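Take a look at the letters that make up each chain.
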Amino acid sequence: MAPDRPPLVLLVDDDPGSLKLLSEALAGQPLSLAVAIDGEMALRQVQREVPDLVLLDAVMPGLSGFEVCRRLKEDPATRAVPVLFMTVLADTASRVRGLELGAVDYVSKPFVREELVARVRTQLAIHAAARALAEKNEELARARASLEVEVARRTEELRAANQRLAREIELSRAAELKVQKAQGELAHLNRVSAMSELAASIAHELNQPLAAILSNAQAAQRLLARAPPDVAEARAALDDIVADDRRAAKVIERMRAMLRKGELTAVALDLGEVVREVARLLASAALLAGATLRIELAPGLPRVRGDGIQLQQVLLNLLVNALDAVSRRPPEARLVVVRTRPAHGGGVELSVADSGEGVPPADLERIFDPFFTTKAHGLGVGLAISRSIVEAHGGRLWAERGPGEGATFRCALPTWDAAGDVP
């Protein structure tokens, strides 16, 4: 039924008098009427316009009401149209047959007007509600189908996005591994470069035990050549040779350790021992530079979590830069101070302060950028590598301009206990 017209009721009866009475009984009701005087005419009328209710006489010549009802219920287009039988038959079998064929109710002839109107209104209301429910179900089915299509589309988009993300993560991990490898290579080259700068001081440090070994060996030869040989003095000279050899071996071992490649190995470290080891390595370099290298280590500091070789590299970079910074100062003003102390907020702080010309305020962060350097022959990677090493240890490295002249580099490192480990 179109929303702009009243419900259509088809009256089917072979008796014109009955049709007239039915029309008069339903006059004034909010509905439209169509009439048919036999079964064939009723079926043709239904093909032209599907009614909302059929009032059907059960007994008619030609096609009976039962046959008309059967055909209406077999056709999908009219299956839902309610059929209300009109019959004078009083036997129960005929009424049951009509209901079995799909009729919704029946009216006995002669009919009572009020009963007829009430049954017609009831069936029209039920039919309208059923049609509305069917339309709502169809709407819900369309919405569900549309939702399923949308869900399938979104699911496919999500699957494709997950695949892209997985590929990007895989590429990112591969790129990260390449970067880590490149950083490791660059850090190793930085250590080699730093050791190259220290070659002269290392040679100076090795020359002392080597010269002593030669002198003691010559003395031992002279002592053994005496008649009689002075064995006691020769033995003392040989002891000195062994001690000087061990001293030279320690210098070489420190140098080899700094040049060694390897992955970060976190252990509990005494930061003071790291400072002393690097200070021993740089003692001759400070002497040749005419600088004073002062060590101020706070007592009782907790151990830090770190890789000894890598933290030595950080301190070596800072000290080489500091010695270079003070080299342009008068000899009496060339001072480099290394300190350890508790860090603000926890951890241990290592600082290297120099009396050089200082760092311009605008460059306090830029100096940590890769390949940024103020040296004529510098590579500009030492501080960048040092910061990356410190950050890999869970720490922080920054620079400050001194209160007077010079610069201070501070490195804060977490303690071993703070990292959740047991020394």
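See the structure shown above.
Treat the numbers as computed from the prediction; the structure is a model and nothing was measured. (Residues numbered from 1 in each chain as written. Predicted model: local features only at pLDDT ≥ 70, side-chain atom pairs only at ≥ 80, totals over all residues. Heavy atoms only, no water.)

J.: Where do I start with the overall build of the protein chain in this structure?
T.: If you tally the helices and strands in the protein chain, you get ten helices and twelve strands. Scored against the burial criterion, the 423 residues of the protein chain give a buried share of 39%. Counted over contacts in the protein chain with a minimum sequence separation of 6, partners at least 24 positions apart contribute 68%. Accessible surface, the protein chain: about 23,900 Å² in total, of which carbon and sulfur atoms supply 57%. (Helix = DSSP H or I, 4+ residues; strand = E, 2+ residues; numbered from the N terminus. Buried < 20%, exposed > 50% of the residue type's maximum accessible area, 1.4 Å probe, protein only. Contact = heavy atoms within 4.5 Å. Areas by Shrake-Rupley, 256 points an atom, 1.4 Å probe, with all protein chains shown as cover.)

J.: Please clarify how the sheet that holds strand E1 (residues 8–12) should be interpreted in this entry.
T.: Adjacent strands of a sheet pair through backbone hydrogen bonds, lying either parallel or antiparallel. The strand order across the open sheet formed by five strands is E2-E1-E3-E4-E5, and the pairing between neighbours is parallel. Both outer strands of the open sheet, strand E2 (32–36) and strand E5 (105–108), are each paired with one neighbouring strand and no more. Direction aside, the axes of adjacent strands within the sheet are offset by 20 degrees on average. By the bridge criterion, five bridges tie E1 to E2 in an arrangement that is parallel. Residue pairing for E2: Val12 is matched across the bridge by Ala36. On the sheet, helix H1 (residues 16–26) packs against E1, E2, strand E3 (53–57) and strand E4 (83–87) and is oriented at approximately 155 degrees with respect to E1. The strands that helix H3 (residues 65–74) touches are E3 and E4; relative to E4, the one it contacts most, it runs at about 175 degrees. (Pairing = 2+ DSSP bridges. Axes fitted to C-alpha atoms, helices over the stretch in contact; angles between N-to-C directions.)

J.: Looking at this structure, how should I read the packing of helix H8 (residues 271–289) against helix H9 (residues 308–326)?
T.: For any two helices packed against each other, one specifies the inter-axial angle together with the distance between the axes. At their nearest, the axes of H8 and H9 sit 10 Å apart, and the two run at 35 degrees to each other. Like other packed secondary-structure pairs, H8 and H9 cross with a definite hand, here right-handed. Of the residues in H9, those touching H8 at Val274, Val275, Glu277, Val278, Leu282, Ala285 and Ala286 are Leu311, Gln312, Leu315, Leu316, Leu319, Val320 and Leu323. Along the lines of polarity and charge, the residues of the contact of H8 with H9 split into twelve nonpolar, one polar and one charged. (Left-handed = near helix turned anticlockwise from the far one by under 90°. Nonpolar A, V, L, I, M, F, W, Y, C, P; charged D, E, K, R; others polar.)

J.: When you look at the pattern of salt bridges in this model, what are you seeing that I'm missing?
T.: Should the charged atoms of two oppositely charged side chains come close, the side chains can pair. Here the structure, examined in full by the defined rule, presents 27 salt bridges. In this structure, Glu296 and Arg339 form a salt bridge, with 2.8 Å as the shortest nitrogen-oxygen distance. Placement of the pair is Glu296 in strand E7 (residues 292–297) and Arg339 in strand E9 (residues 335–342), with a sequence separation of 43 residues. By sharing partners, the salt bridges in this structure join Asp270, Glu273, Arg276, Glu277 and Arg280 into a single network. (Salt bridge = Lys/Arg side-chain N within 4 Å of Asp/Glu carboxyl O.)

J.: Would you mind going over the environment of Leu72 with me for this structure?
T.: With respect to the helices and strands, the residue Leu72 is situated in helix H3. Separated by ten residues in sequence, Leu72 and Pro82 have C-alpha atoms that sit 9.6 Å apart. Residues in contact with Leu72, not counting those within four places in the same chain, are Leu43, Val46, Val54, Thr78, Arg79 and Val83.

J.: Mind showing me how you'd approach the nonpolar core here?
T.: Side chains of nonpolar character tend, in soluble globular proteins, to be buried together. In terms of nonpolar packing, the biggest core is built from 39 residues, with Leu315, Leu319, Val352 and Phe409 touching the most fellow members. Put simply, the parts of the chain that give this core at least two residues each are H8, H9, E9, strand E10 (348–354), helix H10 (382–392), strand E11 (396–401) and strand E12 (407–413). The element contributing the most residues to this core is H9, with ten residues. (Core = buried A, V, L, I, M, F, W, Y, C linked by side-chain atoms within 4.5 Å.)

J.: I keep staring at empty space enclosed by the protein and nothing clicks. Help me out?
T.: Sizing a probe to match a water molecule and rolling it over the atoms shows the empty space that remains. Here the structure, examined in full by the defined rule, presents two cavities of 30 Å³ or more. If you trace the largest cavity, you find twelve residues lining it, with Phe85, Thr87, Ser94, Arg95 and Gly98 closest to the centre. Looking at the lining of the largest cavity, the elements that each hand over two or more residues are E4, helix H4 (92–100) and E5. In terms of residue class, the lining of the largest cavity is built from seven nonpolar, three polar and two charged. (1 Å grid on protein atoms, 1.4 Å probe; cavity = no way out; pocket = protein on both sides within 12 Å on 5 of 7 lines; lining within 4 Å. Points joined across faces, edges and corners; volume = space filled by probe spheres on them.)

J.: For this particular structure, what's the right way to read the packing of aromatic side chains?
T.: Aromatic rings considered in pairs are described by the distance between their centres and by the relative angle of their planes. Tallied over the entire structure, the rule returns two aromatic pairs. Between the aromatic rings of Phe66 and Phe85, the centroid separation amounts to 5.3 Å while the plane-to-plane angle is 50 degrees, which identifies the pairing as tilted. Of this pair, Phe66 sits in helix H3 while Phe85 sits in strand E4, and the two are 19 residues apart along the sequence. Comparing Phe66 with Phe85, the two get one shared label, buried. (Phe/Tyr/Trp six-rings, centres within 6.5 Å; stacked < 30°, edge-to-face > 60°.)

J.: I'm lost on the side chain of His127 in this one. Help?
T.: Considering the arrangement of structural elements, one finds His127 in helix H5 (residues 113–197). Its relative accessible area of 10% is what places His127 among the buried residues. If we skip the residues at most four places from it in the chain, His127 touches Asp52, Ala80, Val81 and Pro82.

J.: When you look at the pairing of E10 in this model, what are you seeing that I'm missing?
T.: Residues in a regular strand point their side chains to alternate faces of the sheet. In terms of residue burial, E10 counts as a mostly covered element, since seven of its seven residues are buried. Neither face of E10 is open: one carries Val348, Leu350, Val352 and Asp354, the other Glu349, Ser351 and Ala353, and all of them are buried. Here E9 runs beside E10; their pairing, made up of seven bridges, is antiparallel. Residue Val338 lies in a different strand from E10, and its bridge partner there is Val352. The antiparallel hairpin formed by E9 and E10 contains five residues in its connecting segment, where Gly345 sits at a positive phi of about 85 degrees. Taken together, the six bridges between E10 and E12 define a ladder with antiparallel strand orientation. Residue pairing across strands places Val348 opposite Leu413, the latter belonging to E12.

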